[in-house]
Amino acid sequence: MESKKVKQRVLLAILAIGIAAPMDPRAQSPATPPAMADWLTDGGDSQRTAWQKNERLLSVSSVKGMRLLWKYKTDNVPREMHALFPPLIVGRVLTAAGPKQVAIVAGISDNLYAIDVATGGLLWKHHFDTTFSPSPSVNFGTLCPGGQLATPVIGPGKAPGSYIIYAAAWDGRLHQLDVATGKAVAPSELFMPPNGKPYGLNLFNNVVYTTSAQGCGGNPNYVFAFDLATRRTATFDPGSGGMWGRSGPSIGKDGTIYTGTGDGSYNPELRSYGTAIIGVKIDPKTGALKLKDYFGPPNAEYLLKRDIDLQVTGPVFDHDGREWLVQGSKECRTWLLDTSALGGEDHSTAEHRSALICNEDQDYQAAGIYGAMASYLDSKGTRWVLVPFWGPKHPKFQAPIEHGEVFNGAVAAFRMEKDPATAHYRLAPAWISRDMKNADPPVVANDVVFGFASGEDVVLRSPPMPYGGEPANGGTPGRISRSTHAVLYALNGQTGDVLWSSGNEITSWNHYSGISVANGRVYIGTHDGVVYCFGLPEAEQLR
């Protein structure tokens, strides 16, 4: 009996100790997983800034430790110059096997691939069974290759940890797939005509947007908006000129869609907005897309005549209490625009117009600003704009820091500052990177600028032979044979110094694609169907 009382007193003492001094909560439950960064759309966000704001591992001091973590060979079949599009990254997806970091890669042959970032292995593949069959008389080429041409966009699902992929297939139908399984979560809906050429999808307030160009398939060049609630498509016709910014349209904070327009007549009186920049917005009462504002360069007729039109995805960002848009063109200059009044009262006056950065000969091919620009805010509060360009630097364009002769292209960096003489904002040249073979859209994380040389041959038309005709290696086959390989560069955002390079590890090239960055890793896909993942060794521990 005494022994029983002793045991009871010991038990009460243990309980008292437990009540007075509870266990460390970290010992009671697994540690809360760290927040993971996402890259859910081409350009990283709906504003297309290409700025990864949530990166924790990559930095100016750590990036030198990057290496190839894995590569995955897809079975995607290229069409003409096109193959894979920029990988989209979901930091934490709840799957049947637990939470995973997933890369979603679209292939032009109506394919989607989900890759487990931790292992580089395939989680699932989905192939769209198209409802479109081209007639034997349809001709394909580099500009109109057919297939899935728009980078998808990813949005949140109904439950925490679930995500939905929105993808536009070759037949113009919009598909909605679960990121975890690749299964459809809703019936596909007709979004646009089949066999067109849409560009990167964007998502804002439950509406999916894209733009189209080149008149592929005989289709008009429109801005498209698909309302996921009503399942209806709205369109806007600029009246002239396709809209072929690499990453698709940018979206302002009020939902306005911004895009440059390609070759076409600029005549606002006739509702013709070619060779211009337009802002369109959904009318909340009718659901129709309507023109909100526009900007026509003062030399629009010259740009049209020389075929050096506006076809760049420009970032939208806030600075000093105002919202801004930066746009560019094959002419190889930039325009800084206040979104509250694009071009001022006459629609042709920019806040700032840069000098020519490249394209001294004003050639329509293989020179100029192509693809997409980037913008970010550094730790000191300085606003930066990054401009990739093709061809030699203009001999009159100079920056305080330059890294040798530029023959094939480079990234030019600008600081946004106020001109004390005029009180207007301007983009002041800061540095020009080393030479890159056809520099394509950069991305940014923690003051590290990731640029890349695409390695593709960009000459659209070879010079004629002495007695007429194209050389035997002309056209798309000739371009493919002359293309080399892509190279990734990590640059110091303050100086443009090279901090790291992929060297010769990437063995193929890509066309009209891009790169992505999240959680200590950088991704690129190539024409031969390979997805490369470069990163820091510690990034392998993030799942």
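All of these numbers come straight from a predicted model, not from anything done at the bench.

Definitions and limits used
- Residues numbered from 1 in each chain as written.
- Predicted model: local features only at pLDDT ≥ 70, side-chain atom pairs only at ≥ 80, totals over all residues.
- Heavy atoms only, no water.
- 1 Å grid on protein atoms, 1.4 Å probe; cavity = no way out; pocket = protein on both sides within 12 Å on 5 of 7 lines; lining within 4 Å.
- Points joined across faces, edges and corners; volume = space filled by probe spheres on them.
- Helix = DSSP H or I, 4+ residues; strand = E, 2+ residues; numbered from the N terminus.
- Nonpolar A, V, L, I, M, F, W, Y, C, P; charged D, E, K, R; others polar.
- Disulfide = S-S within 2.5 Å.
- Core = buried A, V, L, I, M, F, W, Y, C linked by side-chain atoms within 4.5 Å.
- Buried < 20%, exposed > 50% of the residue type's maximum accessible area, 1.4 Å probe, protein only.
- Contact = heavy atoms within 4.5 Å.
- Pairing = 2+ DSSP bridges.
- pLDDT = per-residue confidence, 0-100.

1. A closer look at empty space enclosed by the protein
Reasoning step 1: Per the stated rule, a full pass over the model turns up six cavities of 30 Å³ or more.
Reasoning step 2: Along its surface, the largest cavity is lined by 16 residues, and Asp-42, Gly-43, Ser-247, Pro-441 and Ile-515 are the ones closest to its centre.
Reasoning step 3: Considering each element in turn, the lining of the largest cavity owes the most residues, three residues, to strand 29 (residues 439-445).
Reasoning step 4: The space that makes up the second largest cavity amounts to roughly 100 Å³.
Reasoning step 5: Taken together, 14 residues make up the lining of the second largest cavity; nearest its centre are Phe-85, Leu-149, Tyr-199, Arg-246 and Tyr-512.
Reasoning step 6: Partitioning the lining of the second largest cavity into residue classes produces seven nonpolar, four polar and three charged.

2. Here we look at the state of the cysteines
Reasoning step 1: Enumeration according to the criterion identifies two disulfides in this entry.
Reasoning step 2: What pairs with Cys-144 in a disulfide is Cys-216, and their sulfur atoms sit 2.0 Å apart. Handedness here is read from the sign of the S-S torsion; for Cys-144 and Cys-216, about -85°, the answer is left-handed. With Cys-144 in the loop between strand 5 (121-127) and strand 6 (153-156) and Cys-216 in the loop between strand 11 (207-211) and strand 12 (223-227), the pair connects residues that are 72 residues apart, well separated along the chain.

3. Some points on the nonpolar core
Reasoning step 1: Residues Ile-104 and Phe-450 are the most contacted members of the largest nonpolar core, which totals 76 residues.
Reasoning step 2: Ignoring anything within four residues of it in the chain, the contact list for Ile-104 reads Pro-86, Pro-87, Leu-88, Leu-112, Tyr-113, Ala-114, Trp-124, Ile-154, Ile-165 and Val-179.
Reasoning step 3: Ranked by size, the runner-up nonpolar core spans 23 residues in total, among them Val-326, Met-373, Phe-389 and Phe-397.

4. A short note on the sheet that holds strand 27 (residues 409-418)
Reasoning step 1: Sheet architecture is open: five strands sit in the order 24-25-27-28-26, paired in mixed fashion. At either margin of the open sheet sits one strand with a lone partner, and together these are strand 24 (374-377) and strand 26 (401-402).
Reasoning step 2: Where strand 26 meets strand 28 (residues 425-432), two bridges bridge the pair, whose relative direction is parallel. Considered in strand 28, the bridge of Ile-401 is made with Trp-431.

5. Description of the confidence of the model for the protein
Reasoning step 1: Here the protein shows a mean pLDDT of 92. Residues at 70 or above account for 91%.
Reasoning step 2: Confidence drops under a pLDDT of 50 for residues 1-30, and excluding neighbours within four residues, the segment shows two contacts in the predicted structure.
Reasoning step 3: The low-confidence segment residues 465-470 (pLDDT under 50) makes four contacts with residues lying over four places distant or belonging to another chain.

6. Some words on the layout of surface pockets
Reasoning step 1: In this structure, the largest pocket encloses a volume near 530 Å³.
Reasoning step 2: What lines the largest pocket is a set of 28 residues, and nearest its centre among them are Leu-143, Gln-214, Trp-244, Lys-330 and Leu-460.
Reasoning step 3: Broken down by element, the residue count for the lining of the largest pocket peaks at three residues, all from helix 4 (residues 475-482).
Reasoning step 4: Each residue belonging to the lining of the largest pocket can be placed in one class, and the counts come to 10 nonpolar, 10 polar and eight charged.
Reasoning step 5: Counted as a void, the second largest pocket has a volume near 360 Å³.
Reasoning step 6: Forming the boundary of the second largest pocket are 18 residues, of which Lys-158, Ile-164, Tyr-166, Gln-176 and Val-185 lie nearest the centre.
Reasoning step 7: Broken down by element, the residue count for the lining of the second largest pocket peaks at four residues, all from strand 9 (residues 184-190).

7. Describing the sheet that holds strand 23 (residues 352-353)
Reasoning step 1: Reading across the sheet, the four strands line up as 20-21-22-23 and stay open at both edges, with antiparallel pairing between neighbours. Of all strands in the sheet, those with a lone pairing partner are strand 20 (316-319) and strand 23, marking the two edges.
Reasoning step 2: Alignment of strand 22 (residues 334-338) against strand 23, held across two bridges, turns out to be antiparallel. Paired with Leu-336 across the two strands is His-352, which belongs to strand 23.

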